[in-house]
Amino acid sequence: MLREAVRSGAIFEDILFVESRGDEVRGILEVVNGNVATHMISERLMSELSNVVTSQGIIGVVRHDGQTFDELLSLDLSLVLVSSGVRDPGNLGTLLRVADAVGADGFISTPHCADIYNEKVVRSGAGAHFHIPVVRDIPLSDVALAFREREIKLFGLDPHAGNLYCEEDLTHPCAFVVGNEASGLGDEDFEFLDARLRIEMPGRAESLNVACAASVVLFEVLKQRNFNRGVGIGRT
């Protein structure tokens, strides 16, 4: 995570580390911008400060202001993932990671989602915060209005209704809205969508995990667009 922050040019404010991580900290200080406060602490204190079972021995405090909605809209948007009411930090971070993996142009969270900077979200995102524009707390009504003005089609994932995702033409600019883990998208969300898409599930499972569902559909977008460009997709 810290290496990704360094590569992105993020602003470091503090670095806390145990003695065995001293060389890595010196390497970071050689390339980051500005003055960074460093604090060598004991293994015991590090284990108290870190909220993981086994600490890696180094913690960075990094400034990351994200983007405004207007800044995101100023980009040439072709693929965006929107999280509406996703409460679990692990799921939200994984959604960010998936969006990053497929090369999405941005990620939006609506109000009532988990905090995009929750520690578990950051860890699950695996550097995605530093790779793609991230905008938070934007009502879905605002997203729908702005995207329709830009002819970006807004799809919602619904396990029980809509066209099969793989039968939809996803080669044009589009965005996907995924809903709450327990209840999915609500009636108030559906009114803002251009269409619903579903994933065929012949087994007995009622639904997929929200991040799994997003992965299935977003990689279908990649597949269709690569096929149109004559690009092979055999690599992983």
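## Points about the overall build of the protein
Then step 1. Counting its secondary structure elements, the protein contains 9 helices and 10 strands.
Then step 2. Seen through its C-alpha atoms, the protein measures out along the principal axes to roughly 55 × 40 × 35 Å.
Then step 3. In the protein, which comprises 236 residues, the proportion classed as buried is 44%.
Then step 4. For the protein, the share of sequence-separated contacts (at least 6 apart) that also reach a separation of at least 24 residues comes to 75%.
Then step 5. Of the roughly 13,100 Å² of accessible surface on the protein, a fraction of 47% belongs to carbon and sulfur atoms.
Then step 6. Computing the positive centroid from 21 side-chain charges and the negative centroid from 35, the protein places the two 5 Å apart.

## Overview of the packing of aromatic side chains
Then step 1. In this structure the tally under the stated criterion is 1 aromatic pair.
Then step 2. Where Phe155 meets Phe176, the ring centres are 5.5 Å apart and the plane angle is 25 degrees; that geometry is what we call stacked. Taken together, the residues Phe155 in strand E7 (residues 153-157) and Phe176 in strand E9 (residues 174-178) connect sequence positions 21 residues apart.
Then step 3. You can call Phe176 buried: its relative accessible area is 1%.
Then step 4. Lying across the ring of Phe190, Arg196 places its NZ or CZ 3.6 Å from the centre.

## Observations concerning the pairing of E9
Regular strands place their side chains on alternate faces of the sheet.
Then step 1. In terms of burial, E9 is a largely internal element, 5 of the 5 residues being buried.
Then step 2. Burial of E9 is two-sided: the residues Cys174, Phe176 and Val178 facing one way and the residues Ala175 and Val177 facing the other way are all buried.
Then step 3. Here strand E4 (residues 79-83) pairs with E9 via 5 bridges, running parallel. Paired with Val80 across the two strands is Ala175, which belongs to E9.
Then step 4. Pairing analysis gives 4 bridges linking E7 to E9, with the strands arranged parallel. Bridge pairing in E9 links Gly156 to Val177.

## Section: the nonpolar core
Then step 1. Counting residues in each nonpolar core, the largest one holds 34 residues, and the members touching the most others are Leu79, Leu81, Leu95, Leu96, Phe107, Phe176 and Val178.
Then step 2. Of all the elements in the fold, those that place two or more residues in this core are E4, helix H5 (89-101), E7, E9, strand E10 (195-198) and helix H9 (210-229).
Then step 3. Not counting chain neighbours up to four residues away, the residues in contact with Leu81 comprise Leu95, Ala99, Gly106, Phe107, Ile108, Phe176, Val178, Ala214 and Leu218.
Then step 4. Val82, Ile138, Phe190 and Leu193 belong to the second-largest nonpolar core, a separate cluster that totals 21 residues.

## Regarding helix H7 (residues 140-149)
Then step 1. Within H7, the full set of buried residues consists of Leu140, Val143, Ala144, Ala146 and Phe147.
Then step 2. Next to the buried residues of H7 lie helix H4 (69-73), E4, strand E5 (106-109), E7, E9 and helix H8 (187-190).

## Details of the pattern of salt bridges
Then step 1. On inspection of all chains with the given rule, the structure shows 9 salt bridges.
Then step 2. The partner of Arg196 in a salt bridge is Asp158, with the nearest N and O atoms 2.9 Å apart. Linking Arg196 in strand E10 with Asp158 in the loop between E7 and strand E8 (163-164), this pair joins segments that are 38 residues apart in sequence.
Then step 3. Residue Asp158 is classed as buried on the basis of its relative accessible area of 9%.

## Observations regarding helix H2 (residues 22-31)
Because each turn of an α-helix spans 3.6 residues, side chains separated by three or four positions end up pointing in the same direction.
Then step 1. Three or more residues of H2 are buried, namely Gly22, Val25 and Ile28. The buried residues of H2 occupy an angular sector of 120 degrees when projected down its axis, which confines them to one face. Opposite the packed face of H2, turned more than 90 degrees from it, sit the exposed residues Asp23, Glu30 and Val31.
Then step 2. Those residues of H2 hidden inside the fold are in contact with helix H1 (2-8), strand E1 (11-17), strand E2 (37-40) and strand E3 (58-63).

## Quick look at the sheet that holds E2
Then step 1. The sheet built from 3 strands is open, its strands ordered E2-E1-E3 with mixed pairing. The strands lining the two open edges of the sheet, one partner per strand, are E2 and E3. Averaged over all pairs of adjacent strands, the angle between their axes in this sheet comes to 15 degrees, without regard to strand direction.
Then step 2. In the sheet, E1 pairs with E3 via 6 bridges, with the strands oriented antiparallel. By the bridge assignment for E3, Leu16 is matched with Ile59.
Then step 3. Relative to the sheet, H2 contacts E1, E2 and E3, its axis offset from that of E1 by approximately 170 degrees.

Each value, and the rule that gives it
- Residues numbered from 1 in each chain as written.
- Predicted model: local features only at pLDDT ≥ 70, side-chain atom pairs only at ≥ 80, totals over all residues.
- Heavy atoms only, no water.
- Helix = DSSP H or I, 4+ residues; strand = E, 2+ residues; numbered from the N terminus.
- Buried < 20%, exposed > 50% of the residue type's maximum accessible area, 1.4 Å probe, protein only.
- Contact = heavy atoms within 4.5 Å.
- Areas by Shrake-Rupley, 256 points an atom, 1.4 Å probe, with all protein chains shown as cover.
- Lys, Arg positive; Asp, Glu negative; His and termini not counted.
- Charge placed at Lys NZ, Arg CZ, Asp CG, Glu CD.
- Phe/Tyr/Trp six-rings, centres within 6.5 Å; stacked < 30°, edge-to-face > 60°.
- Lys NZ or Arg CZ within 6 Å of the ring centre and 35° of its normal.
- Pairing = 2+ DSSP bridges.
- Core = buried A, V, L, I, M, F, W, Y, C linked by side-chain atoms within 4.5 Å.
- Salt bridge = Lys/Arg side-chain N within 4 Å of Asp/Glu carboxyl O.
- Arc of directions from axis to C-beta.
- Axes fitted to C-alpha atoms, helices over the stretch in contact; angles between N-to-C directions.

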